[in-house]
Amino acid sequence: MVLGVNAAAGLAQRQLGVHIDPFKAYNFFVEVEGILVGGFSSVEGLESRTEVKTVRQGGVNDTEYKLPGQMTYSDIVLKAGITALDPMWLWYQSTLQGQIKRKNGSIYILDDSGLPSVWWDFFNAWPISWQGPSLDAGQNMIATQSFTLAHEGIKKSLASVAYSAAKGIL
């Protein structure tokens, strides 16, 4: 008897007690060059896209060929509350002074026990913009800021795939 992937996963969950539940999007952290750079309230821009080039052959009017083109990556936007200790601002300040410091980093999603389970590594990033807080004396909201990072690529870490395999998920 051959089981599909979903049926096999369901059987593994019941028989082995392994849970393959989706991770929660609010349980994450960001590190740059091995340093935890803050408690971010949101991360946006985890996106890559492959350009598709269409090629047609002369005389063949019912077929078009799709070929992969250039890979592009969206900028990463990190939003966080403002604190007295702000390594992201110091990094951005160096950019303002003309000293571009490219750094690698990772965005981790944590499992229910607080351990990193899935993460993406980004490469050669540097801050390209900062947006300060909206200040309003009539509100009791936390003052937040956002930093936009340009980067040269993002990949799902092989270590996170190995972690999933070790937990019996793959």
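As a reminder, the structure under discussion sits directly above these lines.
Please read all numbers here as calculations on a predicted model, not as lab measurements.

**Focus on the pattern of salt bridges**
Thought 1: Within this structure, the stated rule accounts for five salt bridges.
Thought 2: Among the salt bridges present, the one from Lys 79 reaches Glu 44, with a minimum N-O distance of 3.5 Å. A residue pair is termed long-range when its members are at least 10 positions apart, and Lys 79 in strand 6 (residues 76-81) and Glu 44 in strand 3 (residues 40-44) qualify at 35 residues.
Thought 3: Look at Glu 44 and you get partly exposed, because its relative accessible area is 39%.
Thought 4: A salt bridge links Glu 152 to Arg 102; its shortest N-O distance comes to 2.9 Å. One end of the pair, Glu 152, is in the loop between strand 9 (144-150) and strand 10 (154-156); the other, Arg 102, is in the loop between helix 2 (87-96) and strand 7 (103-110), and 50 residues separate them in sequence.
Thought 5: Overall, Glu 152 belongs to the partly exposed group, its relative accessible area being 48%.
Thought 6: The exposure class of Arg 102 is partly exposed, given its relative accessible area of 43%.
Thought 7: Each of Arg 56, Glu 64 and Lys 66 takes part in one network of salt bridges that share partners.

**Section: the packing of aromatic side chains**
Given two aromatic rings, their pairing is described by the distance between the two centres and the angle made by the two planes.
Thought 1: Under the criterion given, the structure shown has five aromatic pairs.
Thought 2: With a centroid separation of 5.7 Å and 55° between ring planes, the pair formed by Trp 89 and Tyr 92 is classed as tilted. Note that Trp 89 and Tyr 92 are positioned in helix 2 at a spacing of three residues, about one turn of the helix.
Thought 3: We classify Trp 89 as partly exposed; its relative accessible area is 28%.
Thought 4: Clustering of aromatic rings is evident, with ring pairs tying together Trp 89, Tyr 92, Trp 130 and Phe 147.

**Focus: the side chain of Glu 31**
Thought 1: Along the chain, the position of Glu 31 falls in strand 1 (residues 28-32).
Thought 2: An unpaired buried charge is present at Glu 31: no salt bridge exists, and Lys 103, the closest side chain of opposite charge, is 10 Å distant.

**Overview of the nonpolar core**
Thought 1: Membership of the largest hydrophobic core comes to 17 residues, with the highest contact counts inside it found for Phe 40, Ile 76, Leu 78, Met 88, Phe 122 and Leu 149.
Thought 2: Each residue touching Leu 78, except ones within four places of it in the same chain, is listed here: Val 30, Phe 40, Ser 42, Val 43, Met 88, Gln 145, Ser 146, Phe 147 and Leu 149.

**Details of the pairing of strand 8 (residues 116-131)**
Thought 1: Where strand 7 and strand 8 come together, seven bridges link them in antiparallel fashion. Across the sheet, the residue bridging to Ser 106 is Asp 121, located in strand 8.
Thought 2: With antiparallel pairing between neighbouring strands as the criterion, strand 7 and strand 8 make up a hairpin whose turn holds five residues, including Gly 114 at a positive phi of roughly 90°.
Thought 3: Bridge count for strand 8 against strand 10 is three bridges, and the pairing is antiparallel. Looking at strand 10, one finds that Phe 122 is bridged to Ile 154.
Thought 4: Pairing analysis gives five bridges linking strand 8 to strand 9, with the strands arranged antiparallel. Along strand 9, the bridge assignment pairs Pro 127 with Leu 149.

Criteria and thresholds
Residues numbered from 1 in each chain as written. Predicted model: local features only at pLDDT ≥ 70, side-chain atom pairs only at ≥ 80, totals over all residues. Heavy atoms only, no water. Salt bridge = Lys/Arg side-chain N within 4 Å of Asp/Glu carboxyl O. Helix = DSSP H or I, 4+ residues; strand = E, 2+ residues; numbered from the N terminus. Buried < 20%, exposed > 50% of the residue type's maximum accessible area, 1.4 Å probe, protein only. Phe/Tyr/Trp six-rings, centres within 6.5 Å; stacked < 30°, edge-to-face > 60°. Lys, Arg positive; Asp, Glu negative; His and termini not counted. Core = buried A, V, L, I, M, F, W, Y, C linked by side-chain atoms within 4.5 Å. Contact = heavy atoms within 4.5 Å. Pairing = 2+ DSSP bridges.

These figures come from the coordinates and say nothing about function on their own.
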